[in-house]
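# Chains, contacts and geometry: an overview
Chain by chain, the residues:
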Amino acid sequence: PYQYTNSRAAFDRALKVIPSGIYGHQGPTEGCYIPQSSYPLFSARAEGSRFWDVDGNEYIDYMCGYGPNVLGYGDPDVEAAASAQRALEDVATIPSTIMVEFAELLVDTVASADWAFFAKNGGDVTTLAVMTARAATRRKKIVFIKGFYHGVAPWTQKLDYPGVLEEEVANNLYVDFNNLPALERLLSENRGQIAGLIAQPYMHGNFVDNALPAAGYWQAVRALCDSHGIVLIIDDVRAGFRLDLAGSDHFFGFKADLICFCKALANGYNVSALCGTESLKDTVSSLSYTGSYWMSAVPFAAGIATVTKLKELDAPAQFARLGTELTTGLVSAAAENGFTLITSGAPALFYLRIADDDSLMLHQEWVAECVQRGVFFTSHHNHFMNAALTRTDINHTLEIAHEAFGIVRARHPELVATA
Ligand code: PMP
């Protein structure tokens, strides 16, 4: 198993000069995805389907930087496009026309897009979407689906979180995913007051099996939003360009009014986009909304190269195919060792859970054994496929996963039936 001596030393340094050392879900102090003892904390290099940590350990990476790595780290075509643009300019006083080219490409590619507005992070565009819905309807309330994640802006947080004011979340309404009667009730009770409904295309929450939409769910939500005059916002920051290059709303057979993209948009270059329907374009124009780096040209060049290559490869089909091979193989590897592994969500963003393990510790142990042998899974969060993953990578992953299940079984003879 791998050792993490240099990671630990770097983390000790980080704790002295950075709040919590590594903040958010990429750090160990939240304690939800990364048991500190069994994971690396700092990487040194990344290429293709792999990264190497500061102790020199190599990983096949199924987290893909939490999504941005969609073609493979350092994809040569994306890097060439970025370098060519960098030689011309990146941040300048007025924008490059490459911004227009990227918007044209997104309008041609994304079914519900008549325009594109660029920013940097996913949260920039989910916030813009909510402001747009409020400005367009002159209403205050926003419907959220329970288990959502739309970033870290105050409006996305919970009342009891530090630094969040009551006023900032006072207009948030919450409803369960796939529950149409509850949604109908909520909309009726708040008739004429709801500006928007914001939702991920399916529920890829943490610490729960991921849930796909029930048949007809999205079509019914679309009809309800239309009849109540509510702006339907799809947060495709995580699933975007992995299910369908035309947007995850297109994948599930409906049309969003606004759709938010970020992670897979430029293979790791820093750009996000809000796309939307013609009728909301003037509203977006009317808002006071921009940022220092939002028109930088290099990420646009990278984005054009990324989306173009994803189309050439028909990458979503590849993710579905290899993702299914991987998850099917993992379920078999688990069964051969007496475990039941539950896989959920889309294969391109598969979520894993060992059944009959309410404490979740068994699952964390298995994940840790995989990581310490060079397969980077994480606990309680969906994973991400990328186009650099080969069948050889998948087969190697399955061998390691099998070995890891065997180790956990040997450690817990009390828990599992004989294989
Ligand atoms: N929405 C979803 C569904 C996400 O997964 C994320 C990021 N994990 C965000 C919004 C926020 O994006 P960012 O962290 O780039 O602001």
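Residues numbered from 1 in each chain as written. Predicted model: local features only at pLDDT ≥ 70, side-chain atom pairs only at ≥ 80, totals over all residues.

## A word on the overall build of the protein chain
Along its length, the protein chain carries 13 helices and 13 strands. A compact globule built from 419 residues would reach a C-alpha radius of gyration of about 22 Å, and the protein chain, at 22 Å, matches this within 12%. Projecting the C-alpha coordinates of the protein chain onto the three principal axes gives extents of approximately 60 × 55 × 45 Å. Looking at the protein chain as a whole, 46% of its 419 residues qualify as buried. Sequence-distant contacts in the protein chain: of pairs separated by 6 or more residues, those separated by 24 or more amount to 74%. (Helix = DSSP H or I, 4+ residues; strand = E, 2+ residues; numbered from the N terminus. Rg over C-alpha atoms; globule rule 2.2 N^0.38 Å. Buried ≥ 20, exposed ≤ 12 C-beta atoms within 10 Å, placed from the backbone. Contact = placed C-beta atoms within 7 Å.)

## Some words on the sheet that holds strand β2 (residues 50-53)
Across the sheet, four strands lie side by side as β1-β2-β3-β13; this open sheet has mixed pairing. In this open sheet, the two strands that pair with only one neighbour each are β1 (43-47) and β13 (375-376). Relative to β13, strand β3 (residues 58-61) is paired through two bridges, and the arrangement is parallel. Residue pairing across strands places isoleucine 60 opposite valine 375, the latter belonging to β13. (Pairing = 2+ DSSP bridges.)

## Some words on the domain arrangement of the protein chain
Taken domain by domain, the protein chain comprises domain 1 (5-73 + 315-411) and domain 2 (76-313). Among the secondary structure elements, those contributing two or more residues to the side of domain 1 that touches domain 2 are α11 (315-336), β11 (341-344) and β12 (351-354). Of the residues forming the side of domain 1 that touches domain 2, the biggest block, four residues, is contributed by α11. (Domains from an automatic or database assignment.)

## Quick word on the confidence of the model for the protein chain
Confidence in the prediction for the protein chain averages 95 pLDDT; 97% of positions are at 70 or higher. Among the scores for the predicted complex, ipTM is 0.99 and pTM is 0.97. (pLDDT = per-residue confidence, 0-100.)

## Some points on the site of the ligand
Taken together, 13 residues surround the ligand, and among them Asn121, Gly122, Gly123, Val237 and Arg238 come closest. If you tally residues by element for the shell around the ligand, the top one is helix α4 (residues 122-137), at three residues. A breakdown of the residues in the shell around the ligand according to their chemical character gives four nonpolar, seven polar and two charged. (Near = placed C-beta within 6 Å. Nonpolar A, V, L, I, M, F, W, Y, C, P; charged D, E, K, R; others polar.)

## Digging into unusual backbone geometry
Backbone geometry places cysteine 64, a non-glycine residue, at a positive phi of 55°. Relative to the elements of secondary structure, cysteine 64 occurs in the loop between β3 and α2 (76-88). Assessed through the 28 C-beta atoms surrounding it within 10 Å, cysteine 64 is described here as buried. Although it is not a glycine, leucine 360 adopts a positive phi angle of roughly 70°. Along the chain, leucine 360 falls in the loop between β12 and α12 (361-371). According to the C-beta neighbour criterion, leucine 360 is partly exposed, with 14 such atoms within 10 Å.

## Observations regarding the packing of α2 against helix α10 (residues 297-313)
Here α2 crosses α10 at 150°, and the two axes come no closer than 8 Å. Considering the angle they form, α2 stands roughly antiparallel to α10. Handedness of the α2/α10 crossing: right-handed. Contacts from Asp77, Val78, Ala81, Ala82, Ala84, Gln85 and Arg86 in α2 reach Ala297, Val298, Ala301, Ala302, Ile304, Ala305, Thr306 and Lys309 in α10. Here the residues of the contact of α2 with α10 are counted per class, giving 10 nonpolar, two polar and three charged. (Axes fitted to C-alpha atoms, helices over the stretch in contact; angles between N-to-C directions. Parallel < 35°, antiparallel > 145°, perpendicular 65-115°, else oblique. Left-handed = near helix turned anticlockwise from the far one by under 90°.)

## A short note on the nonpolar core
Judged by nonpolar contacts, the single largest core of 116 residues is most densely connected at Ala129, Ile233, Ala273 and Ala301. A total of nine residues in this core trace back to one element, the largest contributor, which is α10. Residues lining this core come from more than one domain, with at least three contributed by each of domain 1 (5-73 + 315-411) and domain 2 (76-313). In this structure alanine 273 touches Leu106, Ala116, Phe117, Phe118, Val125, Phe261 and Leu265, once residues within four positions along its chain are discounted. (Core = buried A, V, L, I, M, F, W, Y, C linked by C-beta atoms within 7 Å.)

## Topic: α12
Since the α-helix advances by 3.6 residues per turn, residues separated by three or four positions end up pointing in the same direction. Counted residue by residue, α12 has 10 buried out of 11 residues, so it is predominantly covered. Those residues of α12 that sit buried are Leu362, His363, Gln364, Glu365, Trp366, Val367, Ala368, Glu369, Cys370 and Val371. Looking at the packing, one finds that the buried side of α12 touches β12, β13 and α13 (391-411).

## Structural notes on helix α3 (residues 98-109)
If you check α3, its first and last C-alpha atoms are 16 Å apart, about what 12 residues at 1.5 Å a residue would give, namely 16 Å. The elements touched by buried residues of α3 are α2, β4 (115-119), β10 (272-276) and α10. (Expected span 1.5 Å × (residues − 1).)

## So, the sheet that holds strand β6 (residues 172-175)
Each strand in a sheet pairs with another by means of backbone hydrogen bonds, the pair being arranged parallel or else antiparallel. Strand order in the open sheet formed by seven strands is β4-β10-β9-β8-β7-β5-β6, with mixed pairing between adjacent strands. With one partner strand each, in any of the chains shown, β4 and β6 form the two edges of the open sheet. Recorded for the sheet is a direction-independent mean angle of 20° between the axes of neighbouring strands. Alignment of strand β5 (residues 141-145) against β6, held across four bridges, turns out to be parallel. Looking at β6, one finds that valine 143 is bridged to leucine 173. Strand contacts of α3: β4 and β10, with the helix running at about 130° to β4, the strand carrying the most contacts. Across the face of the sheet, helix α6 (residues 180-189) comes into contact with β5, β6 and β7 (194-199) while running at roughly 155° to β6.

## Section: the pairing of β10
Among the five residues that make up β10, five are buried, leaving the element largely enclosed by the rest of the structure. A two-sided burial pattern is seen for β10, the buried positions comprising Ser272, Leu274 and Gly276 on one face and Ala273 and Cys275 on the other. The sheet contact formed by β4 and β10 spans five bridges and is antiparallel. The partner of phenylalanine 117 across the bridge, within β10, is leucine 274. Of the pairings in the sheet, the one linking strand β9 (residues 258-261) to β10 comprises four bridges and is antiparallel in character. Along β10, the bridge assignment pairs leucine 258 with glycine 276.

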